[in-house]
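Residue-level structure breakdown
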Amino acid sequence: MISKSKLRDIASYKLQKNCDAERVYVVEGPKMCGEAWREKKSIRTVVALPEWLEEVQNEWGFEWGRLRGAANESGMVRWHGMDIYEAAAEELERISGMKTPNKVWMLVERESESQQPVLGEGPVLVLDRIQDPGNLGAILRTADWFGIRQVVCSRDSASCYNPKVVQASMGGVFRTHICYTDLVPLLKEAAERSLPVYGAMLNGESLFSTILERNGLLVIGNESRGISSEVASLVTKRVTIPNLGGTCESLNAAVATALFCAEWVR
């Protein structure tokens, strides 16, 4: 079993600053950890209940009953570049950031800095100051569902490596090309190339009567303040989701994104 000193070390990754310093992020739960494995992410550390390790041994290609015999004094087994630790439920609870820890915890290395999106080759979703991690995760999940692989975030948006974003994305964070950059130069480049830049705004043409070109860019603004004025000045077409009820002030950013993406791919 995992040693107390190693458990303390691993528990330190509950602090985002420690993850940022080492360019890693935390993934928890059988589904998300399974997604990370299947998408061939660079997994540094695995801490799991013995029954979970036995459940995945055929898929992963090891025999846990034999492998565990090679554990060192801290309880670690080195396998294919990963440090694997068997842990009890109460030990998982100590390192988990979730209210209800669930079988497995992973530390995954971040991708190298994402390149700028390739404009003119499919839809690009642009997120301006999305602050809520749950919203960002839901947006990445939606983009993944609709096959929109390029997502650009303003530098002051929530981090896609925030544990809440990772969990809410349901694997979308693993399959989506996510870039953090200054939006103004990007949108100016789109204008120079005569690519449409759609803005999700309250005062625009109805989404249901607008043809969204596949190679365009769609800007979704901040949850409470919408699209910033500087970015809005570069929007070439304002589009709105009709408020047929006439009472609610606005839609949740993630819900609005889902409606736009559905129309975009349709």
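Please read all numbers here as calculations on a predicted model, not as lab measurements. (Residues numbered from 1 in each chain as written. Predicted model: local features only at pLDDT ≥ 70, side-chain atom pairs only at ≥ 80, totals over all residues. Heavy atoms only, no water.)

**Topic: the pairing of strand β6 (residues 124-127)**
Our working definition: Exposed residues in this analysis have more than 50% of their type's maximum accessible area, buried residues have under 20%, and partly exposed residues fall in between, with area computed by a 1.4 Å probe over protein chains only. In this text, helices come from DSSP runs of H or I with a minimum length of four residues, and strands from runs of E with a minimum of two, each type numbered from the N-terminal end. Strands qualify as paired when DSSP identifies two bridges or more between them. By convention, orient the strands away from the viewer: a clockwise path from the first strand over the helix to the second makes the crossover right-handed.
In β6, alternate side chains face the same way, and those of V124 and V126 on one face and L125 and L127 on the other are all buried. Pairing analysis gives 4 bridges linking β6 to strand β7 (residues 150-154), with the strands arranged parallel. Note that in β7 the partner of L127 across the bridge is C153. Tracing the backbone out of β6, into helix α7 (residues 133-145) and back to the parallel element β7 gives a crossover that is right-handed. By the bridge criterion, 4 bridges tie β6 to strand β10 (residues 217-220) in an arrangement that is parallel. Counterpart to L125 in the pairing with β10 is L218.

**Focus: the sheet that holds β10**
The cut-off we apply is this: Between N-to-C directions, angles span 0 to 180 degrees; the directions come from axes that are lines fitted to C-alpha atoms, helices contributing only their stretch in contact.
With parallel pairing, the 6 strands of this open sheet are ordered in space as β8-β7-β6-β10-β9-β11. Single-partner strands in this sheet number two, and they are β8 (177-181) and β11 (237-240). With strand direction ignored, the average angle separating the axes of adjacent strands in the sheet is 35 degrees. Across 3 bridges, strand β9 (residues 197-206) lies against β10 in parallel orientation. Bridging from a neighbouring strand, V197 pairs with L217 of β10.

**Let's talk about the nonpolar core**
For clarity, the cut-off: The definition of a nonpolar core used throughout is a set of buried Ala, Val, Leu, Ile, Met, Phe, Trp, Tyr and Cys residues joined through side-chain atoms within 4.5 Å. Contact criterion: two residues are considered in contact whenever any of their non-hydrogen atoms come within 4.5 Å of each other.
By size, the foremost hydrophobic cluster in this structure holds 53 residues, and its most contacted members are V46, W60 and M106. Counting residues per element, this core draws most heavily on helix α12 (residues 253-265), at 6 residues. In contact with M106, other than residues within four places in its own chain, are Y25, V26, V27, C33, A36, I43, T45, V46, W52 and W60. In this structure, V126, V184, V197 and M201 belong to the second largest nonpolar core, which totals 19 residues.

**Looking at the packing of aromatic side chains**
Inclusion rule: Classification of ring pairs rests on two measures: the distance between centres of Phe, Tyr or Trp rings, Trp counted by its six-membered ring, which must be within 6.5 Å, and the angle between planes, read as stacked under 30 degrees, edge-to-face over 60 and tilted in between.
Within the structure shown, the criterion is met by 8 aromatic pairs. On the basis of an interplanar angle of 75 degrees and a centroid distance of 6.1 Å, the ring pair of W60 and F62 is categorised as edge-to-face. Like W60, the residue F62 is buried in the burial classification. Put simply, the rings of W37, W52, W60, F62, W64 and W79 touch in pairs and so form one group of aromatic residues.

**Examining the environment of R94**
Structurally, the position occupied by R94 is in helix α6 (residues 89-95). The spacing of R94 and V56 is 38 residues in sequence and 23 Å in space, taken between C-alpha atoms. What R94 contacts, discounting residues up to four positions off in sequence, is L7, R8, A11 and K14.

**Re the sheet that holds strand β3 (residues 76-79)**
Strand order in the open sheet formed by 5 strands is β1-β5-β2-β4-β3, with mixed pairing between adjacent strands. Because the sheet does not close on itself, it has two edges, and the strands there are β1 (24-28) and β3. Strand-to-strand, the axes of this sheet are offset by a mean angle of 20 degrees, without reference to chain direction. Pairing between strand β2 (residues 43-48) and strand β4 (residues 82-86): 4 bridges, direction parallel. Across the sheet, the residue bridging to A48 is E86, located in β4. Sheet contacts for helix α4 (residues 50-60): β2, β3, β4 and β5 (104-109); angle to β2, the most-contacted strand, approximately 135 degrees.

**Focus on unusual backbone geometry**
Positioned with a positive phi, H80 is a non-glycine residue whose angle comes to about 50 degrees. As for its position among the elements, H80 is in the loop between β3 and β4. Since its relative accessible area comes to 67%, H80 is described here as exposed. With a phi angle near 70 degrees, K103 is a residue other than glycine that sits in the positive phi range. Checked against the element boundaries, K103 lands in the loop between α6 and β5.

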